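Observations on the three-dimensional arrangement
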Amino acid sequence: MISCINPYAQFLSHRAQIESAVAAVFASGRYVLGEQVKTFESEFAAYCGACEGIGVNSGTDAIVLALRACGVGPQAEVVTVSHTAVATVSAIELAGAIPVFADIERDSFTIDPVKVQEAITARTRAIVAVHLYGQAADLDPLLAICRSKGIPLIEDCAQAHGAIYKGKRVGSIGEAGCFSFYPTKNLGAIGDGGMVVTSSRALAAQVRKLREYGWNEARDSTVPGMNSRLDELQAAILRVKLRNLDRDNNCRVRIANQYEAGLADSGIELPKSRAHCSHVYHLYVVRTAGRNELREFLRTRGITTLMHYPLPVHQQTAYVGRLPQANLHETEAAAGEILSLPMYPELSSEEVMEVIAAIREWRKEMGL
């Protein structure tokens, strides 16, 4: 069996360092907001090219807290995409705001700046740009829109740790970058976790206050806050993995290049990289009208695939018919054709060749 994702393989590749780091936390006697979290916040912010990092409980909480710190609240509209993990949309609603959907670009699957402009209203208070599958959204035109409207650009970087947009790492370009450290991410914990990175000292101070009950130094809750803290164990594990992130991302790029070479003339639509940017291939997503048949064929060959995402958020039960949206043609078209092939740093070249051979076999059997 070839897995589509394999966080256990990631643990095994860094096992000795992780176990040593965890043992040190146990021995320290400090398990919440201690030195591991403080150091990891600094290390990860510096890696991203931002001044401040604030560790939180999840990537969802990171978006909630970033929006709240920017003053986004009840009755505000926030423009984002429907082609994303539902967490993006859930976070906007948890902040009290109203998600407004804009369509995606066909080739990148990321938010289309032209459609964003069309979705802006007098109530728009932020844009949340999702960097999807390991590739940055097109940020320059989004920043131009935000500056013209006086609203913040929030980057949802949950799938793009280490990706670069025109010389800058994602997370450092908008008002704030929001990261998830869910175990399957390019930088994944062994549990949950998230972080907000920013170069605004004022925004960082507000996020830091909001993540812990709205407390000031005297533990007086000066604003309504919440409990969203990255714990010491996860921070220690993430510090180990951060030291290996670029190497692991390079492994993902190597695998992507192998897929591209092996499937170049297969008739399957392969991922396209944005010019002057780097793709870190959190997922390797191909596109074909025969997606369901291909997926079943690969299953019979012992190859696991996934769909990210088979149902756009606006078509999911909790959201149908109740959120503002325009024509989401590209979003809906993608949902019926996308397929995530196996992709993780420990995937061997031999396993990649098995996947390529199986896809070619399917094409031959289908007479394509």
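Everything here concerns the structure above.
Everything in this summary refers to the structure shown in the same document.

Our focus in this paragraph is the layout of surface pockets. Taken as a whole, the largest pocket spans an internal volume of roughly 410 Å³. Ala85, Ala87, Ala158, Ser180 and Lys185 are the residues nearest the centre of the largest pocket, which is lined by 26 residues in total. When residues of the lining of the largest pocket are traced back to their parent elements, those giving at least two are helix 4 (59-69), helix 5 (86-94) and strand 8 (176-180). Looking at the lining of the largest pocket residue by residue, the classes come out as 12 nonpolar, 11 polar and 3 charged.

Along its 18 residues, helix 13 (residues 349-366) runs 26 Å from first to last C-alpha, staying within 8% of the 26 Å computed at 1.5 Å per residue. Next to the buried residues of helix 13 lie helix 10 (245-263), helix 11 (291-300) and strand 12 (338-341). Looking one or two residues past helix 13, Gly367 carries a phi angle of roughly 70°, positive in sign.

Okay, the environment of Cys146 next. Relative to the assigned elements, Cys146 resides in helix 7 (residues 139-149). For Cys146, a relative accessible area of 3% puts it in the buried group. For the pair Cys146 and Ser172, spaced 26 residues apart in sequence, the C-alpha separation works out to 15 Å. The contact partners of Cys146, leaving out residues within four places of it in the chain, are Ile127, Ile151, Pro152 and Leu153.

It is worth spelling out the pattern of salt bridges at this point. Within the structure shown, the criterion is met by 20 salt bridges. The closest approach of N and O atoms between Arg239 and Glu43, which form a salt bridge, is 2.9 Å. Of the two residues, Arg239 sits in helix 9 (residues 232-243) while Glu43 sits in helix 3 (residues 35-48), which places them 196 residues apart along the sequence. Exposure remark for Glu43: the relative accessible area of 29% places this residue in the partly exposed category. A salt bridge links Arg287 to Glu337; the nearest nitrogen and oxygen atoms lie 2.7 Å apart. Of this pair, Arg287 sits in strand 11 (residues 284-287) while Glu337 sits in the loop between helix 12 (329-335) and strand 12, placing them 50 residues apart in sequence. Overall, the relative accessible area of 5% leaves Arg287 in the buried class. Bridged by salt links that share partners, the residues Glu52, Arg201 and Arg208 form one connected network.

Here is what the cut-offs are and how they apply
Residues numbered from 1 in each chain as written. Predicted model: local features only at pLDDT ≥ 70, side-chain atom pairs only at ≥ 80, totals over all residues. Heavy atoms only, no water. 1 Å grid on protein atoms, 1.4 Å probe; cavity = no way out; pocket = protein on both sides within 12 Å on 5 of 7 lines; lining within 4 Å. Points joined across faces, edges and corners; volume = space filled by probe spheres on them. Helix = DSSP H or I, 4+ residues; strand = E, 2+ residues; numbered from the N terminus. Nonpolar A, V, L, I, M, F, W, Y, C, P; charged D, E, K, R; others polar. Expected span 1.5 Å × (residues − 1). Contact = heavy atoms within 4.5 Å. Buried < 20%, exposed > 50% of the residue type's maximum accessible area, 1.4 Å probe, protein only. Salt bridge = Lys/Arg side-chain N within 4 Å of Asp/Glu carboxyl O.

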